Amino acid sequence: MAKLEKHLAGLSLKGLSLTEPAVLSRAARALMTTEREHIAGYDEDRLAAIIDLYVRTGIQVHPRLHGPAVLQHRPAGRSHRLRQLRGQPAVVVLRGRPAPNVVEKIMADELNRFIGWPADSFAMVTTSGGSPANLTAMLAARNDRFPGFWSEGSAAYLGRARPAIAVGDDVHYSVSRTAGVMGIGEAQIVRLPLNAAQQIDMDAVRPALDAAERRGLRVFCLVASAGTTSVGAFDPIDRLAEVARERDIWLHVDGAHGVPAGRWGSAVP
Ligand SMILES: Cc1ncc(COP(=O)(O)O)c(C=O)c1O
């Protein structure tokens, strides 16, 4: 804290000092990764060095400069964005946030080291919570299965089967809110009944998807919960994955509630 206070007190208007990505990545990895057998304990010096790295490579936030925004390529968009230099730039762009961008990659590699999947079959995006994670995963699924939706909106699908999702009846409400944000109406959410253990009832899944298709819906994503919020029930993910593969739709597992319990969530096509 003292380090950060000192840094913030001494701020002046400065540009971003860009660091070569490979150099930055090596420095961050040396500070942030450890041998698999050793769980790093709290280390004050290491933490101070990490803060130093962020401060040295980060945007110098100042009351009169909120930080550069990532500009669009079109001139009209650019002038509009110039008037809006407000929010923090995205972590996903190296130029916008060098250290967090590299750190996100390190976190992904470390998580996958734990999971053990082939490196080219694993990707990770960090979000600020469960709701944006649901939105990110479902948008990816929607854009993959309905590529015209992003550019044309729902009009692109007028007169055709309507995009829909299928969810367990006890899914967290952020999923239906997210669907609404994406232009997927309540009538396009297929609610799958639960069994006595409050998990999605596998006997009902295929018939419900068939019935939805007859109603003119095209389910592009099945949403399972790895720990429902109300009772902590885990949906039968392996069996739902079979259905998703069979019908060539996405399976999104909302693991927001259950990850600490030893399972994890993912979105797979
Ligand atoms: C299963 C599940 N999904 C999503 C969310 C939403 O997470 P957040 O509040 O971080 O947006 C919660 C929150 O409790 C949750 O339990």
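Please refer to the structure higher up on the page.
Note that this is a predicted model, so its numbers are computed, not measured.

K.L.:
Please give an account of the overall build of the protein that cites residues and values.
P.N.:
Summing up its helical and strand segments, the protein has 10 helices and five strands in all. Residue burial in the protein is summarised as follows: out of 269 residues, 33% are buried. Counted over contacts in the protein with a minimum sequence separation of 6, partners at least 24 positions apart contribute 62%. Carbon and sulfur atoms make up 56% of the accessible area of the protein, which amounts to about 16100 Å² in all.

K.L.:
Can you break down the packing of aromatic side chains residue by residue, with the values?
P.N.:
By the definition in use, this model includes four aromatic pairs. The interplanar angle of 85° and the centroid separation of 5.0 Å between the aromatic rings of Phe146 and Tyr157 together place this pair among those described as edge-to-face. Here Phe146, found in the loop between α6 (130-145) and α7 (148-152), pairs with Tyr157, found in the loop between α7 and β1 (162-168); they are 11 residues apart in sequence, far enough to count as distant. The residues Phe146 and Tyr157 share a single accessibility class, namely buried. Taken together, the ring pairs connect Phe146, Phe149, Tyr157 and Phe220 into an aromatic cluster. Its guanidinium or amino end placed over the ring of Phe149, Arg142 lies 3.9 Å from that ring's centre, counting from NZ or CZ. Positioned over the ring face of Phe146 is Arg218, at 4.2 Å from the centre of the ring.

K.L.:
Give a detailed account of the pairing of strand β4 (residues 250-254), specifying residues and quantitative values.
P.N.:
Of all five residues in β4, five are buried; the element is thus mostly enclosed. Side-chain alternation along β4 places Trp250, His252 and Asp254 on one buried face and Leu251 and Val253 on a second face that is also buried. Pairing analysis gives five bridges linking strand β3 (residues 217-225) to β4, with the strands arranged parallel. Counted as the bridge partner of Ser225 is Asp254 from β4. Tracing the backbone out of β3, into helix α10 (residues 237-247) and back to the parallel element β4 gives a crossover that is right-handed.

K.L.:
Give me the lowdown on the site of the ligand, citing residues and values where you can.
P.N.:
As a matter of local geometry, the ligand sits amid Gly129, Gly130, Ser131, Asn134, His172, Ser174, Thr229, Asp254, Ala256 and His257. Between the ligand and Gly130, the relevant distance is 2.8 Å, taken from an oxygen atom to a main-chain nitrogen or oxygen of the residue. For the ligand, an oxygen atom lies 2.6 Å from a polar atom in the side chain of Ser131. Contact with the protein chains hides 70% of the accessible area of the ligand, taken as 390 Å² for the molecule alone. Broken down by element, the shell around the ligand gets its largest block of residues, three residues, from α6. In the shell around the ligand, the residues fall into one nonpolar, eight polar and one charged.

K.L.:
Kindly report on α10, identifying the contributing residues and their values.
P.N.:
Taken as a whole, α10 has its buried residues at Ile237, Leu240, Ala241, Val243 and Ala244. The buried residues of α10 occupy an angular sector of 160° when the element is viewed end-on, so they sit on one face. Opposite the buried face of α10, at more than 90 degrees from it, the exposed residues are Asp238 and Arg245. Next to the buried residues of α10 lie α9 (202-214), β3 and β4. Where α10 ends, the next residue or the one after it, Asp248, has phi of about 60°, a positive value.

Here is what the cut-offs are and how they apply
- Residues numbered from 1 in each chain as written.
- Predicted model: local features only at pLDDT ≥ 70, side-chain atom pairs only at ≥ 80, totals over all residues.
- Heavy atoms only, no water.
- Helix = DSSP H or I, 4+ residues; strand = E, 2+ residues; numbered from the N terminus.
- Buried < 20%, exposed > 50% of the residue type's maximum accessible area, 1.4 Å probe, protein only.
- Contact = heavy atoms within 4.5 Å.
- Areas by Shrake-Rupley, 256 points an atom, 1.4 Å probe, with all protein chains shown as cover.
- Phe/Tyr/Trp six-rings, centres within 6.5 Å; stacked < 30°, edge-to-face > 60°.
- Lys NZ or Arg CZ within 6 Å of the ring centre and 35° of its normal.
- Pairing = 2+ DSSP bridges.
- Right-handed = clockwise from strand over helix to strand, strands pointing away.
- Near = heavy atom within 4 Å.
- Polar contact = N/O pair within 3.5 Å; in protein donor to acceptor, adjacent residues only side chain to side chain.
- Nonpolar A, V, L, I, M, F, W, Y, C, P; charged D, E, K, R; others polar.
- Arc of directions from axis to C-beta.

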